[in-house]
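The residues making up each chain are set out below.
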Amino acid sequence: WRKPQVKCMKRGSSENYRRASSFRAMGTGRCKKEAAVEFLATGQYNINIAAQSLYRLSQIGRRDRMAQVKRIFAEKRPGFDVEALALLKDLQENVGLTGLRRLRLINRYDVAGIDEAEYALAREIVFAEPPADQVVDETLDLADADRVFAMEYLPGQYDQRADWAAQCIQAITQKKRPDVLSAKVIALYGDISDSQFETVKAYCINPVEAREASLAK
């Protein structure tokens, strides 16, 4: 048994002295079993402490990332809002919402991993087409809408819109691929009861691949 070298032991430290003594005992053949058990227990204790520290750091990093998430809303201008008009007609004719007068369909993106300059560039190139789209940063005022809900893909489902946006931003910045999440926000205008509103959500959201999304950031 070759004696392991004990380095970086501070003079006067009883804890380091105890560990060094255990290592020497293992090396000389004295009390090998007891020293090995003590060494393994100490190592497991240090692993647990390290795991707890990593978890706390990950939570701090998560809060920091959330603080850096940029949100943008993109909506087609009148004349270009073909998808919104098609959904409005579909709900009026196939779902029977005769009281529904207007519908707005807004694409929402949450982006993390880019700075302000990169965001400003992607804002007009990636997330919207200036002639066809109007964009709003962070908060969208829908106070005049009678009903509002949002829908997003389930975790694990492929989100083509978010993937495309992330690829485009990476191509523009030539840096690490950013994190992008997307959702659709639907604002309804008209006389819509609670039961009709639930019917609309069930009609629009396919539970196999999507779910209702929170309106909060």
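Residues numbered from 1 in each chain as written. Predicted model: local features only at pLDDT ≥ 70, side-chain atom pairs only at ≥ 80, totals over all residues. Heavy atoms only, no water.

A. How the structure looks around the overall build of the chain. Helix and strand counts for the chain come out as 6 helices and 6 strands. Counting across all 217 residues of the chain, residues that qualify as buried make up 34%. Residue pairs at least 24 apart in sequence account for 77% of intrachain contacts in the chain once pairs closer than 6 positions are excluded. Summed over all atoms, the accessible surface of the chain reaches about 14300 Å², with 54% contributed by carbon and sulfur. (Helix = DSSP H or I, 4+ residues; strand = E, 2+ residues; numbered from the N terminus. Buried < 20%, exposed > 50% of the residue type's maximum accessible area, 1.4 Å probe, protein only. Contact = heavy atoms within 4.5 Å. Areas by Shrake-Rupley, 256 points an atom, 1.4 Å probe, with all protein chains shown as cover.)

B. Here's a closer look at the sheet that holds strand β6 (residues 210-213). Spatial ordering of the open sheet is given by β3-β1-β2-β5-β4-β6, a layout of 6 strands whose pairing is antiparallel. Since the sheet does not close on itself, it has two edges, and those belong to β3 (133-137) and β6, each with one partner. Across the sheet, the mean angle separating the axes of adjacent strands is 30° when strand polarity is ignored. Of the strand pairs in this sheet, strand β4 (residues 147-153) and strand β5 (residues 179-190) are connected by 5 bridges, and their pairing is antiparallel. Opposite V148, over in β5, you have A187 as the bridge partner. Docked against the sheet, helix α5 (residues 160-173) engages β2 (100-112) and β5, running at close to 130° with respect to β5. Contacting β4, β5 and β6, helix α6 (residues 194-204) crosses the sheet at an angle of about 20° to β4. (Pairing = 2+ DSSP bridges. Axes fitted to C-alpha atoms, helices over the stretch in contact; angles between N-to-C directions.)

C. Local environment of the packing of aromatic side chains. Taken as a whole and assessed by the stated rule, the structure comprises 2 aromatic pairs. Ring centres of F149 and F197 lie 5.8 Å apart, and the angle between their planes is 70°; on these two criteria the pair is classed as edge-to-face. Placement of the pair is F149 in strand β4 and F197 in helix α6, with a sequence separation of 48 residues. Given the relative accessible area of 9%, F197 is considered buried. The ring of Y189 has R102 lying over it, and the distance from NZ or CZ to the ring centre is 4.7 Å. (Phe/Tyr/Trp six-rings, centres within 6.5 Å; stacked < 30°, edge-to-face > 60°. Lys NZ or Arg CZ within 6 Å of the ring centre and 35° of its normal.)

D. Quick look at a nonpolar patch on the surface. Residues L121, I125 and I172 make up a contiguous nonpolar surface patch of about 250 Å² in total accessible area. Its location among the elements puts I172 in helix α5. I172 sits in the partly exposed class, given a relative accessible area of 33%. (Patch = residues over 30% accessible without salt bridge, like charges linked within 9 Å, V, L, I, M, F, W, Y side chains within 5 Å. Salt bridge = Lys/Arg side-chain N within 4 Å of Asp/Glu carboxyl O.)

E. Quick look at the environment of E124. In this fold, E124 is placed in helix α4 (residues 116-125). Looking at E124, the relative accessible area reads 32%, which means it is partly exposed. C-alpha of E124 to C-alpha of V135: the two residues are 11 residues apart in sequence and 8.5 Å apart in space. Each residue touching E124, except ones within four places of it in the same chain, is listed here: P130 and V135. Reaching out from E124, the side chain makes a polar contact with the side chain of R123 at a distance of 2.5 Å. (Polar contact = N/O pair within 3.5 Å; in protein donor to acceptor, adjacent residues only side chain to side chain.)

F. Seen up close, the pattern of salt bridges. The tally for this structure, following the rule as stated, stands at 15 salt bridges. Across the pair D133 and K76 runs a salt bridge, and its minimum N-O distance is 3.3 Å. A residue pair is termed long-range when its members are at least 10 positions apart, and D133 in strand β3 and K76 in strand β1 (residues 70-76) qualify at 57 residues. We classify K76 as partly exposed; its relative accessible area is 34%. Linking D163 and R177 is a salt bridge whose minimum nitrogen-to-oxygen distance equals 2.3 Å.

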